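# Coordinate inspection notes
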Amino acid sequence: MSGLVWRAGHVEEDMRNQTLREDVLLIEGIKISPQFLFPTFILLLLVYIFIMVSNLGLVILIFSSRSLHQPMYLLFCNMSINDVFGATIIIPRFLRDLLLSDSERYIHYISCVTQAFCVHLYAGASHTVLMIMAFDRYVAICSPLRYSTIMTNRMVVNLSVAAWGTALVCVSILLGLSIRLSRCRSVIFNPFCDNASLFKLSCESLLINQVYGLGYTVVLLGSSIGSVTLTYLKIAAVCLSSKNKVLNSKALQTCATHLTVYVLLLGSGFLIVLLHRFPQLSDHRKVVAIQREVVLPALNAVIYGLQIKEIRQRIISMFHCSKMIQMK
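Residues numbered from 1 in each chain as written. Predicted model: local features only at pLDDT ≥ 70, side-chain atom pairs only at ≥ 80, totals over all residues. Heavy atoms only, no water.

Right, let's talk about the packing of aromatic side chains for a bit. Note on aromatic pairs: each is described by the distance of the centres and the angle between the planes. Applying the stated criterion to the full structure yields one aromatic pair. On the basis of an interplanar angle of 15° and a centroid distance of 6.4 Å, the ring pair of Tyr212 and Tyr216 is categorised as stacked. Residue Tyr212 and its partner Tyr216 are both found in helix H8 (residues 207-241); the two are separated by four residues, about one turn of the helix. Tyr212 gets classed as partly exposed once you look at its relative accessible area, which sits at 22%. The lysine or arginine in question, Arg183, covers the ring of Tyr109, its NZ or CZ lying 3.8 Å from the ring centre. (Phe/Tyr/Trp six-rings, centres within 6.5 Å; stacked < 30°, edge-to-face > 60°. Helix = DSSP H or I, 4+ residues; strand = E, 2+ residues; numbered from the N terminus. Buried < 20%, exposed > 50% of the residue type's maximum accessible area, 1.4 Å probe, protein only. Lys NZ or Arg CZ within 6 Å of the ring centre and 35° of its normal.)

Shown next as structure tokens:
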């Protein structure tokens, strides 16, 4: 009888260990030489601190200054919040993994799914938010007399909800299709979890995942590129037909800022997709993927903070006031 109890307990322990092994994944990460490990860690940590301080600082500045309570700046807050969200999902865990050996970079399956969901939500919201910001610029330049009646506070809220809601629904379906699959592998061949890494853990047919993933990418990028291109063509037509130098100068300034951010986002995305086609360049793809999640959130704050005159003046005045206080 005691032997039967021992065997039953042993079987139960094996089942628990098997479940634990299935729920724990190994992240391959990026290969970095030991001499560059510490400098890389410090650099990424400083960049992350800059992302948090600059983006959250801009959000606080916009909400605390009545003169900046304009649709363009309130919509820009969506981008800053999204950048903080995206950087926080990726960088802290990546910094932790840098300090661990290759065999110790474990992540629980639930945590991996959560990270993948947030990574794709960040990427999707980046496009949808830039689309509604392009619409704002279109109304401001092409219909300036109707701008205040169209871009009301209610419209700003509706556009923001639409941008985040659309990304949330599409990404939920994307990840839901991957979660339903059984798993026969336990290694994430990426420095962080994403949808492709998750469904590649399965040995089942991936046709549905690949079709929906391709369709999602085509619809997102197609609608993003199409709407932004159409918007800027109409803005260009208005500027070319107008002899108002003040209008053209303001349009060029605000549109150049928005377009720079959009081109950087689009270019980095296409580069990662292209590198996926070359398995021998997997290390390069990983580096580009991390750089995209680190560089873009940092650049967005710099581009908007320094290029938009109202925000730049507000920042300069704040530094001037702080210096005056210190002198006293």
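Interaxial distance between helix H3 (residues 71-98) and helix H6 (residues 153-179) falls to 10 Å at its minimum, and their mutual angle equals 25°. Between H3 and H6, the angle is such that the two are roughly parallel. Two packed elements cross with a definite hand, and for H3 against H6 that hand is right-handed. The residues of H6 that touch H3, namely those facing Pro71, Leu74, Leu75, Asn78 and Asn82, are Val156, Ser160 and Trp164. (Axes fitted to C-alpha atoms, helices over the stretch in contact; angles between N-to-C directions. Parallel < 35°, antiparallel > 145°, perpendicular 65-115°, else oblique. Left-handed = near helix turned anticlockwise from the far one by under 90°. Contact = heavy atoms within 4.5 Å.)

Once that is clear, we can look at the pattern of salt bridges. This model, assessed by the stated rule, comprises four salt bridges. Residue Lys286 pairs with Glu28 through a salt bridge whose shortest N-O separation is 2.3 Å. Taken as a pair, Lys286 in helix H10 (residues 282-307) and Glu28 in the loop between strand S1 (24-27) and helix H2 (34-64) lie far apart in primary sequence, 258 residues in all. Look at Lys286 and you get buried, because its relative accessible area is 2%. Exposure remark for Glu28: the relative accessible area of 31% places this residue in the partly exposed category. The salt bridge partner of Arg137 is Asp136, with a shortest N-O separation of 2.8 Å. This pair shows no difference in class: Arg137 is buried, exactly as Asp136 is. (Salt bridge = Lys/Arg side-chain N within 4 Å of Asp/Glu carboxyl O.)

Now for H3. Residues three or four positions apart in an α-helix share a direction because the helix packs 3.6 residues into each turn. Compared with an ideal rise of 1.5 Å per residue, which puts 28 residues at 40 Å, H3 spans 41 Å between its outermost C-alpha atoms and is within 8% of the ideal. Along its length, H3 shows its largest kink, about 30°, at Thr88, and proline Pro92 lies within four residues downstream of that point. Counting buried positions along H3 gives 21 out of 28 residues, so the element sits mostly inside the fold. (Expected span 1.5 Å × (residues − 1). Bend = angle between axes of the 7 residues up to and from the residue.)

Moving on, we come to the nonpolar core. With 40 residues, the main nonpolar core has Ile62, Phe76, Leu130, Met133 and Met151 as its most contacted residues. Elements with a minimum of two residues in this core: H2, H3, helix H4 (109-142), H6, H8, helix H9 (245-276) and H10. The dominant element in this core, judged by the number of residues it contributes, is H4, at nine residues. Ignoring any residue separated from it by four or fewer positions in sequence, one finds Phe76 in contact with Leu58, Ile62, Met133 and Tyr304. (Core = buried A, V, L, I, M, F, W, Y, C linked by side-chain atoms within 4.5 Å.)

What follows deals with the layout of surface pockets. Here the largest pocket is characterised by a volume of approximately 1,200 Å³. With eight residues, H8 is the largest single contributor of residues to the lining of the largest pocket. Looking at the lining of the largest pocket residue by residue, the class counts come to 17 nonpolar, 11 polar and six charged. (1 Å grid on protein atoms, 1.4 Å probe; cavity = no way out; pocket = protein on both sides within 12 Å on 5 of 7 lines; lining within 4 Å. Points joined across faces, edges and corners; volume = space filled by probe spheres on them. Nonpolar A, V, L, I, M, F, W, Y, C, P; charged D, E, K, R; others polar.)

Across a sheet, paired strands are connected by hydrogen bonds in the backbone, their directions being either parallel or antiparallel. Overall, mixed pairing links the three strands, which are arranged S2-S1-S3 in an open sheet. The strands lining the two open edges of the sheet, one partner per strand, are strand S2 (106-108) and strand S3 (187-188). The pairing of S1 with S3 spans two bridges and is parallel. Across the sheet, Leu26 pairs through a bridge with Val187, a residue of S3. Where H4 meets the sheet, it contacts S1, S2 and S3, and its direction lies at approximately 85° from that of S2. (Pairing = 2+ DSSP bridges.)

This is a description of form; function is not addressed.
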